[in-house]
There are 2 protein chains.
Amino acid sequence: MSESRNRPIGVAFLLAQLGAHAAGRFAARVAELGLSPADVGLLRMIAFQPGRSQQSLAADLGVVPSRVTAMLDPLDRAGLVERRRSAGDRRNHELHLTAEGTRVMEDVKRTAMAHEADLTSCLSPDQRGQLLALLELVADDQGLTPGVHPGYRRS
Amino acid sequence: MSESRNRPIGVAFLLAQLGAHAAGRFAARVAELGLSPADVGLLRMIAFQPGRSQQSLAADLGVVPSRVTAMLDPLDRAGLVERRRSAGDRRNHELHLTAEGTRVMEDVKRTAMAHEADLTSCLSPDQRGQLLALLELVADDQGLTPGVHPGYRRS
DNA sequence: TATTGTTATACTCTATAACTATA
DNA sequence: TATAGTTATAGAGTATAACAATA
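Residues numbered from 1 in each chain as written. Chains lettered and ligands numbered in written order. Predicted model: local features only at pLDDT ≥ 70, side-chain atom pairs only at ≥ 80, totals over all residues. Heavy atoms only, no water.

Student: Hey, could you go over the protein's contact with DNA strand D for me, with residue numbers and the actual values?
Tutor: Close contacts around DNA strand D come from 15 residues, with Arg67(A), Arg90(A), Gln54(B), Gln55(B) and Thr69(B) the closest. The share of sugar and phosphate among atoms of DNA strand D within 4 Å of the protein is 77%. One of the backbone N or O atoms of Gln55(B) is found 2.7 Å from a phosphate oxygen in DNA strand D. Interatomic distance of 3.1 Å between a side-chain N/O atom of Arg91(B) and a base oxygen of DNA strand D. Put simply, the parts of the chain that give the surface near DNA strand D at least two residues each are helix H5 (65–77) of chain A together with helix H4 (54–61) and helix H5 (65–77) of chain B. (Near = heavy atom within 4 Å. Polar contact = N/O pair within 3.5 Å; in protein donor to acceptor, adjacent residues only side chain to side chain. Helix = DSSP H or I, 4+ residues; strand = E, 2+ residues; numbered from the N terminus.)

Written out as structure tokens, the structure reads:
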């Protein structure tokens, strides 16, 4: 409680704390759509590059291919993604969103906007712009890929 | 890669991304001291309030008492914390840092300062102050307790 | 023989519940 | 009977390795 008097809180700690908070809130919101944050990440990657293979997904996510199989199974069963055998190389699955999957991603987009609005509601438009710029500065300096959430994997 | 062209990146996502990055980097740093971030959190709480019980720790952390036992065991074996039977109520363990534990916490403090410096090295002192102020504004508005990292538990 | 995706297995993390020793 | 801490057990999550189909 009075811990803050003793120890100066730095940018690094605040980022970790607020980041976990933001991620937790987002998880709670998309849970109402029946999705986990990992599900959302997977759906976004498929929406952005339809037809990609599970191997390429595994490589980009930094996880093992068997993990992608396990993550994809429920989304497939729920009718949000479709695995199509590639005509050219029948070992491949070409991944696509279904119509339902596309609709769900619209819900996710609305959810993300509400999340953003809630998190920054205490800031003036000016302050929000400043914060965004400073965060982008640090993210860029730290070599983070835009739009790719690292989870907690390899640094 | 060119994802950023399509989808505007917001404050919420950047916070989650940078927060995970900062947490991961910190984890890598303290791993060199043989500690996990959870270990550090536990040591900090004991350092701040010596003599506290495992129950109070469990309550503050939002975890179950048996979890505290499991987290404490390696720190005890490593000689960083000491469990002293309370004289007043012999069911209790009063938790204290050992001399070695106190020394390790000095290392942790140096590590945290290096971490902070690295993460904000691209900012001018002015920018760093602005970022700190804006993050504190949001953290306060979101009801976050100073100095307490929520992990990914209950929102 | 190499590669895509799947299945089987093992390991880690965490929670629930049963247990002990005190009170 | 209730409480502090421990131990035992079970469930998620994730990685490694063996496997089947295709190239």
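Next comes the rest of the write-up.
Student: Tell me what's going on with the relation of the copies chain A and chain B, and back it up with residues and numbers.
Tutor: In the superposition of chain A on chain B (RMSD 0.1 Å, axial shift 0.0 Å), the rotation amounts to 180°. Read as a symmetry element, the transformation amounts to a two-fold axis. Among all C-alpha atoms of chain A, that of Gly19(A) lies closest to the rotation axis, at 2.1 Å. Taken together, the interface assignments show that 100% of the residues at the interface of chain A recur at the interface of chain B, consistent with an identical surface on both copies. (Least-squares fit on C-alpha atoms with pLDDT ≥ 70 in both. Contact = heavy atoms within 4.5 Å.)

Student: Before we move on, can you summarise the pattern of salt bridges with the specific residues and values?
Tutor: All names here are of chain A. One pass over the full model with this rule turns up 21 salt bridges over all chains. For Asp73, the salt bridge identified is with Arg83, shortest N-O distance 2.4 Å. Taken together, the residues Asp73 in helix H5 and Arg83 in strand E1 (residues 81–85) connect sequence positions 10 residues apart. We classify Arg83 as partly exposed; its relative accessible area is 22%. Its salt-bridge partner being Asp89, residue Arg91 comes within 2.8 Å of it at the nearest N-O pair. When its relative accessible area of 25% is taken as the criterion, Asp89 is described as partly exposed. Salt bridges here are not isolated pairs; linked through shared partners, they connect Glu100, Arg103, Asp107 and Arg110. (Salt bridge = Lys/Arg side-chain N within 4 Å of Asp/Glu carboxyl O. Buried < 20%, exposed > 50% of the residue type's maximum accessible area, 1.4 Å probe, protein only.)

Student: Mind laying out the environment of Leu61(A), listing which residues take part and the relevant values?
Tutor: Mapped onto the fold, Leu61(A) is located in helix H4 (residues 54–61). Separated by 12 residues in sequence, Leu61(A) and Gln49(A) have C-alpha atoms that sit 14 Å apart.

That is the geometry; function is a separate question.
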